[in-house]
Amino acid sequence: MSEDFKFIEKYGAAGKEIVYVKPPEQNSLVKIDTSVVAVQRSFIKSIYFLFREVFMPQGYPDSVSDDYLHYQVWDTVQAFCSTITGTLATQAIMKGVGVGDTAATPLAASITWIMKDGTGMVGRIVFAWWKGQVQLTCLDAECKKWRLAADFLNDLAICLELSVPLVMDYSTPLLCLSTSMKAIVGVAGGATRAAITQHQAIRNNMGDVSAKDGSQETLVNLCASFTGIAILSTLDDNVYPWQLFLFFTCLHLFANYCAVRALHLVSFNAARLMLVLQAYMVSEIAPTPQCVNLKEPIILNTGFREKDLCGYDIVLGSSIAKLVKSNWIQANNLKFLTKFYRARKYLHILNKQQKKIYVVFRRNVTSSDILQGYFHAILYGTAASIMDQEAV
């Protein structure tokens, strides 16, 4: 063997190549620096590889979802704007607690700060408990809406903080209110970020994706903090903070909207399931996740109800005991339905008076059974509506 044997490896389709050679006179592979031999790597390309290793998940882009880059670009813009407005609010808070005022005492400032933080802690606990009691999975299923709602609430809290120097007599209540709002933002933002990270981590690499997302956010916040300091030190602090706040808030909300719109979630929620069912009942072809996500409403739910599709409201997980007790179904009919649906893990109970279809599930039901029961309820309601129209 007169020529060297060459072995090239890389992690991912766009990963950095590592070249090994086996000279004819040796029995082991020798790693060679590709920046020295063959083709010299440019300085820009070296910076690119370094940036990707530090801030991108290992194996990018094959290790993340196809919407990762588009989402992260807009997420970076919104994080930059949020940090800028937060810097403006910090200056206003310092004025509100008495920094620079010779008449203010350290004790009064400390009490105000403790009350502000304490109110935020209580708000965080209460909101997490309330959402857990009301809707267990809404922060996951409706992560797009809650992400937008959280950022809007964060901007509103910053607006209150900027108002503190204007109403010094009410500075403590305003700070407590804004901190409570930010506590809600922390809970909702953290939960939705976890749901989005889980979607983006397609190779069971949620930890790596989350860590790199934190690195990206830290870099953005660092750059935005220096920018905010430069703005505060050069501009008039009596006029420009409000103008800058309005500009960066509008950009922040727009970037957040573009970010959540860029997501192509592959799991079902009520709106996405309704879109799939509507398309399937018309053409018998299920649309792609990209098409469904583009049509999904992320602000309002108008037009996405079962009643608009089949004429009936569908109630999943109904209690048979309550239905029998309310005389919505007789025992003999229930016995017949149980035999009729014996091959299924669910049964449907139609209530024409209230225009509802109750879906009762058996034990050990799976998510596939729930989707199947919901889909068959839609078909059942459609057929019942057609029969009602023909009878009239």
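This report concerns the structure included in the present document. Owing to the predicted nature of the structure, the values given are computational and were not obtained by experimental measurement.

### Quick word on the overall build of the protein chain
Along the backbone of the protein chain there are 14 helices and six strands. Here the contacts in the protein chain between residues at least 6 apart in sequence split such that 69% fall between residues at least 24 apart. Counting only carbon and sulfur atoms, one obtains 63% of the accessible surface of the protein chain, whose full area is about 22800 Å².

### Some remarks on the packing of aromatic side chains
Counting across every chain of the model gives six aromatic pairs. An angle of 75 degrees between the planes, with centres 5.2 Å apart, marks the rings of Phe 247 and Phe 248 as edge-to-face. Taking relative accessible area as the criterion, Phe 247 reaches 51% and is therefore assigned exposed. Ring plane angle 70 degrees and centroid distance 5.9 Å describe the contact between Tyr 280 and Phe 375, whose orientation is recorded as edge-to-face. Highlighted residues: Tyr 280 in helix H9 (residues 270-283) and Phe 375 in helix H14 (residues 367-391), separated in sequence by 95 residues.

### Side note on the nonpolar core
With 20 residues, the main nonpolar core has Ile 314, Ile 349, Tyr 374 and Ile 378 as its most contacted residues. Elements with a minimum of two residues in this core: H9, strand S5 (346-351), strand S6 (356-361) and H14. Leu 88, Ala 92, Ala 224 and Ile 231 belong to the second-largest nonpolar core, a separate cluster that totals twelve residues.

### Here's the deal with the packing of helix H5 (residues 143-162) against helix H6 (residues 171-200)
Close contact between H5 and H6 brings their axes to 8 Å; oriented N to C, the two are set at 155 degrees. Considered as vectors, H5 and H6 are oriented roughly antiparallel to each other. Handedness of the H5/H6 crossing: left-handed.

### As for the sheet that holds S6
Each strand in a sheet pairs with another by means of backbone hydrogen bonds, the pair being arranged parallel or else antiparallel. Read across the sheet, three strands follow the order S4-S6-S5 without closing on themselves; strand pairing throughout is mixed. The sheet is open, and its two edges are formed by strand S4 (313-316) and S5, each paired on a single side. Direction aside, neighbouring strands of the sheet carry axes that sit 20 degrees apart on average.

### Details of the side chain of Asp 151
Take Asp 151: it is sitting in helix H5. Assessed through its relative accessible area of 10%, Asp 151 is described here as buried. Separated by 3.5 Å, the side chains of Asp 151 and His 252 make a polar contact. With residues near it in sequence (within four places) discarded, Asp 151 still touches Gln 78, His 252, Leu 253 and Asn 256.

### Comments concerning a nonpolar patch on the surface
A grouping of Val 122, Val 126, Trp 129 and Trp 130 is seen on the molecular surface, where their side chains present a nonpolar patch of about 440 Å² in accessible area. Here Val 126 shows up in helix H3 (residues 106-134). Look at Val 126 and you get partly exposed, because its relative accessible area is 44%.

How each quantity is defined
- Residues numbered from 1 in each chain as written.
- Predicted model: local features only at pLDDT ≥ 70, side-chain atom pairs only at ≥ 80, totals over all residues.
- Heavy atoms only, no water.
- Helix = DSSP H or I, 4+ residues; strand = E, 2+ residues; numbered from the N terminus.
- Contact = heavy atoms within 4.5 Å.
- Areas by Shrake-Rupley, 256 points an atom, 1.4 Å probe, with all protein chains shown as cover.
- Phe/Tyr/Trp six-rings, centres within 6.5 Å; stacked < 30°, edge-to-face > 60°.
- Buried < 20%, exposed > 50% of the residue type's maximum accessible area, 1.4 Å probe, protein only.
- Core = buried A, V, L, I, M, F, W, Y, C linked by side-chain atoms within 4.5 Å.
- Axes fitted to C-alpha atoms, helices over the stretch in contact; angles between N-to-C directions.
- Parallel < 35°, antiparallel > 145°, perpendicular 65-115°, else oblique.
- Left-handed = near helix turned anticlockwise from the far one by under 90°.
- Pairing = 2+ DSSP bridges.
- Polar contact = N/O pair within 3.5 Å; in protein donor to acceptor, adjacent residues only side chain to side chain.
- Patch = residues over 30% accessible without salt bridge, like charges linked within 9 Å, V, L, I, M, F, W, Y side chains within 5 Å.
- Salt bridge = Lys/Arg side-chain N within 4 Å of Asp/Glu carboxyl O.

Take it as geometry only, folks, not as evidence of what the structure does.
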